[in-house]
Amino acid sequence: MLTVIAIVLDFGGTNIKLGIAREGRMLAGSRLAAYSGSGLLPRLNAAREAVLDLLARTSLTTADCGGVAIALPGIVDPVRRTLLSINEKYADATGFAFEQWARESFGLRLEMENDARAALLGETAYGIARGETNAVLMTFGTGIGTAALMNGRIVRGRHYQAGILGGHMATDAYGEICTCGNVGCLEAQASHWSLPAWLVKQDGYRDSALAGVSDIGYRSVVEASAANDPFAVRAMRHLLVHWSAGIVNLIHAYDPDLVVLSGGLMKSRELVVPELSRLVRERAWTPWGDIRIAASRDPDSSVLLGLSHLLERSDGHDAI
């Protein structure tokens, strides 16, 4: 494995996280608002300037760096370094010449990966799943991302969508229509983006503590539930049932030893993970033993460190 100073960029649905990384350690980092509904191309120049500022702050130049790595929440072709498809975010990024942008902006080579896969790579290389060879990850951001590692190899599939569409596996065949076109997807039932619309349709919402929350999301439901607001307790149960069903789907599909939980929701891990783990163990068919479930120690850095690992590895495209 090479020692590489890496420029890493995670284009999320809400925030763009940027950093300079080396050997599993973030040397510097920052974030920008994503405005992902308005497209990627308007944000690329801002991202470039933010990276140059980070380099200056760490007394580095592009000549000190070994490459650029980018993560996106869509179907990424890591061989041709392009985005094949994406849902409801960065629509103008499909087919964009990212390699040319990296060369023109920094004079460096490029690696690309789906964001959840990058997060799993970061966790297995440097984080809570270090040394694991069979693991899955579910990350709770604007949407719900997933990834899988089997027999030490990241799962990508022939069309690069294997493992990453766990958020679009149905957890209610009669549920809400998802933005992807499917019915009852985990994301449509229990993601951060779908939660506000679901809440306002439920009986009791107007009389709950959540009715006065202007920017409602996971955190507000978790906190109101912990404070024993009856409506929030019911809403939390709804989320836990769907999240656990999604995780069981991953376990049955990919046969992991370990489930890694990541994303912003894990900032409330002590209020979420124990009951979520109980539901998963109650429902998963694992006759070989108990599945291990662990929360990322640093959800904000796992994608960036996974991207750094991609640049450091000589076999970065070894996958199934």
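In this text the structure is predicted, and so the values were computed from the model without any measurement.

**Student:** How do you make sense of the nonpolar core when you look at a structure like this?
**Tutor:** The tendency in soluble globular proteins is for nonpolar side chains to be buried side by side. Counting residues in each nonpolar core, the largest one holds 43 residues, and the members touching the most others are Phe140, Leu199, Leu210, Trp243 and Leu261. Among the elements that make up this core, the one with the highest residue count is helix α7 (residues 230-254) (twelve residues). When near neighbours in sequence (up to four residues on either side) are disregarded, Trp243 contacts Met138, Phe140, Ile144, Leu186, Ala190, Tyr218, Met236, Leu265, Val272 and Leu276. Ranked by size, the runner-up nonpolar core spans 33 residues in total, among them Ala28, Leu83, Tyr90 and Leu108.

**Student:** Explanation requested: helix α6 (residues 218-226) in the structure shown.
**Tutor:** Spacing of three or four residues puts side chains on the same side of an α-helix, whose turn is 3.6 residues. Here α6 has its buried residues at Tyr218, Ser220, Val221, Val222, Ala224 and Ser225. In this structure, the buried residues of α6 make contact with β8 (135-140), β9 (144-150), α4 (186-190), α5 (195-200), α7 and α8 (269-283). One or two residues past the end of α6 sits Asn228, with phi positive at roughly 70°.

**Student:** How do you make sense of the sheet that holds β8 when you look at a structure like this?
**Tutor:** Two strands in a sheet stick together by hydrogen bonds in their backbones, pointing the same way (parallel) or opposite ways (antiparallel). One open sheet accounts for five strands, arranged β10-β9-β8-β11-β12; its pairing is mixed. The sheet terminates laterally at β10 (153-154) and β12 (292-295), the two strands that pair on one side only. Looking at chain direction, β9 and β10 are connected through two bridges and run antiparallel. Residue pairing in the sheet places Leu149 in a bridge with Ile154 of β10. Against the sheet, helix α3 (residues 115-126) makes contact with β8, β9, β10 and β11 (258-263), and its axis sits at roughly 50° relative to β9, the strand it touches most. α7 rests against β8, β9 and β11 of the sheet, and its axis sits at about 155° to β8.

**Student:** Mind showing me how you'd approach the packing of aromatic side chains here?
**Tutor:** Within a pair of aromatic rings, the relevant descriptors are the distance that separates the centres and the angle that separates the planes. The full count for this structure, using the stated rule, is seven aromatic pairs. Each ring, one from Phe96 and one from Phe98, has its centre 4.9 Å from the other, and the planes form 80°; the classification is edge-to-face. For Phe98, a relative accessible area of 0% corresponds to the buried category. Seen in terms of ring centroids, Trp101 and Phe106 are 5.6 Å apart; in terms of plane orientation they differ by 90°. Their pairing is edge-to-face. Here the aromatic cluster, defined as three or more aromatic residues joined through ring pairs, consists of Phe140, Tyr218 and Trp243.

**Student:** Please explain the pattern of salt bridges as it appears in this structure.
**Tutor:** Two side chains carrying opposite charge are able to pair once their charged atoms lie near each other. What the rule picks out here adds up to 16 salt bridges. In this structure, Glu111 and Arg81 form a salt bridge, with 3.6 Å as the shortest nitrogen-oxygen distance. Highlighted residues: Glu111 in strand β7 (residues 110-114) and Arg81 in the loop between β5 (74-77) and β6 (82-86), separated in sequence by 30 residues. Exposure class is identical for Glu111 and Arg81. Each is buried. For Arg219, the salt bridge identified is with Glu223, shortest N-O distance 2.9 Å. With a gap of four residues between them, Arg219 and Glu223 both fall in helix α6, about one helical turn apart. Residue classification places Glu223 among the partly exposed residues on the basis of a relative accessible area of 42%. Because the salt bridges share partners, they merge into one network encompassing Lys17, Arg31, Lys267 and Asp300.

**Student:** Just checking my understanding: could you explain the packing of α7 against α8 for this structure?
**Tutor:** Describing two packed helices takes the angle between their axes plus the distance from one axis to the other. Their axes nearest at 9 Å, the elements α7 and α8 cross at an angle of 50°. One element, α7, and the other, α8, form an angle in the oblique class. The chirality of how α7 crosses α8 is right-handed. Of the residues in α8, those in contact with Met236, Arg237, Leu240, Val241, Trp243, Ser244, Ile247, Val248, Ile251 and His252 of α7 are Val272, Glu275, Leu276, Arg278, Leu279, Val280 and Arg283. Residues belonging to the contact of α7 with α8 are distributed by class as follows: eleven nonpolar, two polar and four charged.

**Student:** What exactly am I supposed to notice about the side chain of Thr124 here?
**Tutor:** Checked against the element boundaries, Thr124 lands in helix α3. Residue class for Thr124 comes out buried when judged on its relative accessible area of 15%. If near-sequence neighbours (up to four positions away) are discounted, Thr124 is found in contact with Ala129, Arg130, Gly131, Glu132 and Leu149.

**Student:** Explanation requested: the pairing of β11 in the structure shown.
**Tutor:** Regular strands have side chains that alternate between both faces of the sheet. Across the six residues of β11, six count as buried, placing the element largely inside the fold. Along β11, one buried face is formed by Leu258, Val260 and Ser262 and the opposite face, lined by Val259, Leu261 and Gly263, is buried too. Where β11 lies against β12, four bridges are found, and the strand directions are parallel. Looking at the pairing, Val260 lines up with Ala294 of β12. Considered for its hand, the β-α-β crossover made up of β11, α8 and β12 is right-handed.

Reading the values: rules and limits
Residues numbered from 1 in each chain as written. Predicted model: local features only at pLDDT ≥ 70, side-chain atom pairs only at ≥ 80, totals over all residues. Heavy atoms only, no water. Core = buried A, V, L, I, M, F, W, Y, C linked by side-chain atoms within 4.5 Å. Buried < 20%, exposed > 50% of the residue type's maximum accessible area, 1.4 Å probe, protein only. Helix = DSSP H or I, 4+ residues; strand = E, 2+ residues; numbered from the N terminus. Contact = heavy atoms within 4.5 Å. Pairing = 2+ DSSP bridges. Axes fitted to C-alpha atoms, helices over the stretch in contact; angles between N-to-C directions. Phe/Tyr/Trp six-rings, centres within 6.5 Å; stacked < 30°, edge-to-face > 60°. Salt bridge = Lys/Arg side-chain N within 4 Å of Asp/Glu carboxyl O. Parallel < 35°, antiparallel > 145°, perpendicular 65-115°, else oblique. Left-handed = near helix turned anticlockwise from the far one by under 90°. Nonpolar A, V, L, I, M, F, W, Y, C, P; charged D, E, K, R; others polar. Right-handed = clockwise from strand over helix to strand, strands pointing away.

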